[in-house]
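# Coordinate analysis (summary)
Okay, here's what each chain looks like letter by letter:
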Amino acid sequence: QQQQQQQQQQQTIMKILVPIKRVIDYAIKIRVDPTKGPHGVQTKNVKMSMNPFCEIAIEEAIRLKETLVKSTKKKDAAEVVAVSIG
């Protein structure tokens, strides 16, 4: 029974999943790739960065985690997981 109580205390209450997208840096001038047609963008040798809205989402997830840790007084009450696909 003590083991069950310890496991419950060690379990994470909430996992926060934040999807991340890589985009062309906002300060770079975008060039159209003629081989891809009018909607194709040149991505070779172009500086990429995280989508600014994804940065905001990560900040908010961390704030949420900190709030949960304060309210439960458990250090590992929440976990933030950032995912990038592709």
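Now for a quick tour of the structure. Everything numeric in this text was worked out from a predicted model, so none of it was measured. (Residues numbered from 1 in each chain as written. Predicted model: local features only at pLDDT ≥ 70, side-chain atom pairs only at ≥ 80, totals over all residues. Heavy atoms only, no water.)

### Focus: the environment of Val81
Topologically, Val81 is positioned in strand 4 (residues 78-83). Separated by 64 residues in sequence, Val81 and Leu17 have C-alpha atoms that sit 4.9 Å apart. (Helix = DSSP H or I, 4+ residues; strand = E, 2+ residues; numbered from the N terminus.)

### Notes on unusual backbone geometry
Not every positive phi belongs to a glycine, and Asn45 is a case in point at roughly 55 degrees. Within the chain, Lys73 stands out as a residue other than glycine whose phi angle is a positive 60 degrees. Note on placement: Lys73 falls in the loop between helix 2 (52-72) and strand 4.

### Considering the pattern of salt bridges
The full count for this structure, using the stated rule, is 3 salt bridges. Two residues, Glu60 and Arg63, come together in a salt bridge whose shortest N-O distance is 3.1 Å. Residue Glu60 and its partner Arg63 are located together in helix 2, separated by 3 residues, close to a single helical turn. For Arg63, a relative accessible area of 46% translates into the label partly exposed. (Salt bridge = Lys/Arg side-chain N within 4 Å of Asp/Glu carboxyl O. Buried < 20%, exposed > 50% of the residue type's maximum accessible area, 1.4 Å probe, protein only.)

Nothing here speaks to function; it is all geometry.
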